[in-house]
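Listed below, chain by chain, are the residues.
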Amino acid sequence: MKTRQQAFDQIKNHKFDVCVIGGGSSGASCALDAQLRGLKTVVVDAGDFASGSSTASSKMVHGGVRYLQEAVNDLDAGQYNLVENALRERQAMLHSAPHLTRTVEFLVPCFSNFEKIYYGLGMKMYDWIAGKSSLLPSRILTREEALYRLPAMQHEKLVGAVAYADGQFDDARYGLAVVETFERAGGIALNYARVIGFGRDEAGKITSASVSDQMGRGTLEIEARAFVNATGPFSDAIRQLVSPGAVPRMRPSKGVHIMVPLDGFSDRDAVLIPKTEDGRVIFGIPWNGRLLIGTTDTGYTPGEEMVVKPEEIEYLLRQINPYLNSPITADKVVAGIAGVRPLVAAHGVADTKKLIRDEEVEFDAGTGLISILGGKWTTHRLMGEETIDRVQEYLGTHSSSRTWNFPLAGAHGYTEDYWQTLVKDFGIRASLAQYLSRKYGTAAPEVLELTRVDRWLAAPLVVDEAPIRAQVVYAARVEMAVTIEDVLARRIGLQLYSWRYAMEAAPIVAELLRRELGWSGKEEEHALETYLAAVNHMISMAGQTPEPAPLPERELIMERK
Ligand SMILES: Cc1cc2nc3c(=O)[nH]c(=O)nc-3n(C[C@H](O)[C@H](O)[C@H](O)COP(=O)(O)OP(=O)(O)OC[C@H]3O[C@@H](n4cnc5c(N)ncnc54)[C@H](O)[C@@H]3O)c2cc1C
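All of the points below concern the structure found in this document. (Residues numbered from 1 in each chain as written. Predicted model: local features only at pLDDT ≥ 70, side-chain atom pairs only at ≥ 80, totals over all residues. Heavy atoms only, no water.)

Notes on the pairing of strand E2 (residues 41-44)
Consideration 1: Side chains Thr41 and Val43 project from E2 onto one buried face, and the interleaved Val42 and Val44 project onto a second face that is buried too.
Consideration 2: Looking at chain direction, strand E1 (residues 15-21) and E2 are connected through 4 bridges and run parallel. By the bridge assignment, Ile21 is partnered in E2 with Val44.
Consideration 3: Chirality of the crossover, the property in question, places the unit of E1, helix H2 (residues 25-36) and E2 among those that are right-handed.
Consideration 4: Here E2 runs beside strand E7 (residues 188-190); their pairing, made up of 3 bridges, is parallel. Along E7, the bridge assignment pairs Val42 with Ile188. (Buried < 20%, exposed > 50% of the residue type's maximum accessible area, 1.4 Å probe, protein only. Helix = DSSP H or I, 4+ residues; strand = E, 2+ residues; numbered from the N terminus. Pairing = 2+ DSSP bridges. Right-handed = clockwise from strand over helix to strand, strands pointing away.)

Okay, here's the thing in structure tokens:
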């Protein structure tokens, strides 16, 4: 990708067909769809790409068995259509980036034969709706099979389980891959660029957006023929900036996930807890050697801090523990993440659990603003297509979407055993090769080439853990990372693996970013302090004891000398 400076300069010198506001899954998808249709496109995000809801998901590429249950229970055609569309899109999403996705079997524990039949029939219906895009047929497992695959499960009451398949993906890297693919197709993407106002023509139509650079480069005017509002849960803010009287449409809801060690769970099978105290389902999903447990669904108060709270941890553990032999305790939580669902208001529905996770393309005829509201990660491609269809209608042009099965950055030539090429070509151990090939696909050699130039970059960021230093350099040079959090929370993902490991790695990341981004010593110190304080804040908000700050890398190097 371009550097921020290059992107910034190019935006100043161009007029665009389409300006997309928001670089989460919806915005990135709109941008890619538009650019592939030949429309000159720019996408800007107020923060980092995919740093909002798009990195706080359950990381499932799914139709949504809960929505299916609601479709059946409430005879709700809207929920049914959502499941059907999402199951079709699931296939395209897995196909476009096989290195960032995989098929996982979800086991639903059953404590009676009635439950086996009930959930078994439900999952057969899920298979049936998926039709040709079914990943694996669902099936009923005996008690022995279920215990073999999930030894952590309650032995005494279990009579068996129902297994069904869904997709799983790396949300942060998938988002980045869509942005990178968009750039390679000729588009321009800029992170940390917040839209703060609009210019209009005499008829009131938007013709430009004022963008404030969050990294201190001042403001920028982006001229474009069409503007897409893809700001997720905060879409109303842009709608109201354009039309101050616009009626709010979003009903955001908060959802948290916690991460615990995999003890007693397998690295391949997930568990679906079919009943919670608030009538939902929750999941325990293997994720990079940990178990991701989520999610909650509670009201969101505007301005609320996105942190995991002790009562949310307790809630999640209270739902999963009755299904386990030995309960998971709150002190086992090693990391967590909170996010906001961008739900759209449906008439007469106040309960966020009942709001349809469907999308809506809204066109404001007075100003020309096109907003993509709602939706979910799994349907991001379709959302992009529908939005750009509307953009073309507005611009009076026509060409078809090309994003279906379009290979994303890193997908060209990728196969499941691609990691072996890395072992052969770079002489690295199998576990590191597998890790890198799953993060970067066929771009992994670009990361490893850096270690040939500087052997120091081959060292791990944290002792015995997979991420290596070269990934930080790659993140800064190629992936537009400009903060420690960009690197650890999204480009590498260590922050979700362990808050403490992320803090341990932070000094080296700061040091590498100083070299790559030309920071002064003071800037490095400030970036490190800010990051450590932010992670420690997350730790203490989750009810755990904060960590002492590790020494900056330069002081560690001096100590070693
Ligand atoms: C807890 C939880 C679990 C979920 N699990 C799943 C799942 O397993 N599978 C699934 O398919 N979906 C899931 N979802 C839904 C999915 O994550 C979201 O629907 C999707 O990520 C929304 O993407 P978005 O781009 O619309 O919003 P966001 O990712 O929030 O992106 C909006 C972007 O707009 C930017 N922005 C805001 N204001 C401005 C401005 N003024 N100027 C420029 N940029 C601006 C923000 O910085 C942000 O990056 C889950 C959601 C949550 C919260």
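Considering the nonpolar core
Consideration 1: Grouped together as the largest cluster of nonpolar side chains are 91 residues, with contacts concentrated most on Ile293, Ile320, Leu422, Leu436, Leu461, Ile484 and Leu488.
Consideration 2: Here this core takes 10 residues from helix H17 (residues 499-517), the largest share from any one element.
Consideration 3: Within the second largest apolar cluster, 59 residues are counted, among which are Val20, Leu39, Leu94 and Ala97. (Core = buried A, V, L, I, M, F, W, Y, C linked by side-chain atoms within 4.5 Å.)

Things to note about the packing of helix H15 (residues 484-491) against H17
A packed helix pair is summarised by two numbers, namely the angle formed by the two axes and the spacing between the axes.
Consideration 1: At a minimum axis distance of 9 Å, the contact between H15 and H17 shows a crossing angle of 130 degrees. Taken as axis vectors, H15 and H17 run oblique relative to one another. In the crossing of H15 with H17, the sense of the turn from one axis to the other is right-handed. Where H15 abuts H17, its residues Ile484, Val487 and Leu488 lie against Ala502, Ala505, Ala506, Val509, Ala510 and Leu513.
Consideration 2: Grouping the amino acids of the contact of H15 with H17 by side-chain chemistry returns 9 nonpolar, no polar and no charged. (Axes fitted to C-alpha atoms, helices over the stretch in contact; angles between N-to-C directions. Parallel < 35°, antiparallel > 145°, perpendicular 65-115°, else oblique. Left-handed = near helix turned anticlockwise from the far one by under 90°. Contact = heavy atoms within 4.5 Å. Nonpolar A, V, L, I, M, F, W, Y, C, P; charged D, E, K, R; others polar.)

Structural notes on helix H7 (residues 171-184)
Consideration 1: The end-to-end C-alpha separation of H7 is 20 Å, in line with the 20 Å expected for 14 residues at 1.5 Å each.
Consideration 2: Most of H7 is tucked away, with 13 of its 14 residues classed as buried.
Consideration 3: Positioned one or two residues after H7, Gly186 has a phi angle of 110 degrees, which is positive. (Expected span 1.5 Å × (residues − 1).)

Regarding the environment of Lys157
Consideration 1: You can see Lys157 is positioned in the loop between helix H6 (143-149) and strand E6 (160-169).
Consideration 2: If we skip the residues at most four places from it in the chain, Lys157 touches Cys110 and Phe111.

A word on the site of the ligand
Consideration 1: The environment of the ligand is made up of 37 residues, and the closest members are Ser26, Asp45, Ser54, Met60 and Thr378.
Consideration 2: Between the ligand and Ser58, the relevant distance is 2.9 Å, taken from a nitrogen atom to a main-chain nitrogen or oxygen of the residue.
Consideration 3: Residue Val195 places a main-chain N or O atom 3.0 Å away from a nitrogen atom belonging to the ligand.
Consideration 4: A total of 1,000 Å² of accessible area belongs to the ligand in isolation, and the protein chains cover 93% of it.
Consideration 5: Going through the elements one at a time, H2, strand E8 (193-200), strand E11 (253-261) and strand E16 (335-341) are the ones with two or more residues in the shell around the ligand.
Consideration 6: The residue makeup of the shell around the ligand, split by class, is 13 nonpolar, 19 polar and 5 charged. (Near = heavy atom within 4 Å. Polar contact = N/O pair within 3.5 Å; in protein donor to acceptor, adjacent residues only side chain to side chain. Areas by Shrake-Rupley, 256 points an atom, 1.4 Å probe, with all protein chains shown as cover.)

Topic: the state of the cysteines
Consideration 1: Using the criterion set out here, one finds 0 disulfides in the structure.
Consideration 2: Cys19 provides the cysteine sulfur closest to Cys30, a residue in no disulfide bond, and the two sulfurs are 12 Å apart. (Disulfide = S-S within 2.5 Å.)

Focus: a nonpolar patch on the surface
Consideration 1: Taken together, the side chains of Val72, Met125 and Trp128 define a hydrophobic patch exposed on the protein surface, amounting to about 320 Å² of accessible area.
Consideration 2: With respect to the helices, strands and loops of the structure, Met125 is situated in helix H5 (residues 113-130).
Consideration 3: The exposure class of Met125 is partly exposed, given its relative accessible area of 30%. (Patch = residues over 30% accessible without salt bridge, like charges linked within 9 Å, V, L, I, M, F, W, Y side chains within 5 Å. Salt bridge = Lys/Arg side-chain N within 4 Å of Asp/Glu carboxyl O.)

Some points on the packing of aromatic side chains
Consideration 1: Throughout the structure, instances matching the rule amount to 15 aromatic pairs.
Consideration 2: Here Tyr174 and Trp377 contribute two aromatic rings whose centre-to-centre distance is 5.6 Å and whose plane-to-plane angle is 80 degrees, an arrangement assigned as edge-to-face. You can see Tyr174 sitting in helix H7 and its partner Trp377 sitting in the loop between strand E18 (370-374) and helix H10 (380-395), a full 203 residues away along the chain.
Consideration 3: The class for Tyr174 is buried, based on a relative accessible area of 1%.
Consideration 4: By relative accessible area, which is 8% here, Trp377 ends up buried.
Consideration 5: Between Tyr414 and Tyr418 the ring centres are 6.0 Å apart and the planes differ by 50 degrees, which places this aromatic pair in the tilted class. Tyr418 carries the same exposure label as Tyr414, and that label is buried. (Phe/Tyr/Trp six-rings, centres within 6.5 Å; stacked < 30°, edge-to-face > 60°.)

Quick word on the packing of helix H4 (residues 77-96) against H5
Consideration 1: For the pair H4 and H5, the least separation of the axes is 9 Å and the interaxial angle reads 65 degrees. The element H4 and its partner H5 pack so that their crossing is right-handed. Each of Tyr80, Val83, Glu84, Leu87 and Arg90 in H4 lies in contact with H5, whose residues at this interface are Tyr126, Trp128, Ile129 and Ala130.
Consideration 2: Among the residues forming the contact of H4 with H5, the class breakdown is 7 nonpolar, no polar and 2 charged.

Considerations on the side chain of Asp33
Consideration 1: By the secondary structure assignment, Asp33 is in helix H2.
Consideration 2: There is a polar contact of 3.4 Å between the side chain of Asp33 and the side chain of Thr403.
Consideration 3: In this view, Asp33 contacts Gly384, Glu385, Ile388, Ser401 and Thr403; residues no more than four positions away in its chain are not counted.

These values are about where atoms sit, not about what they do.
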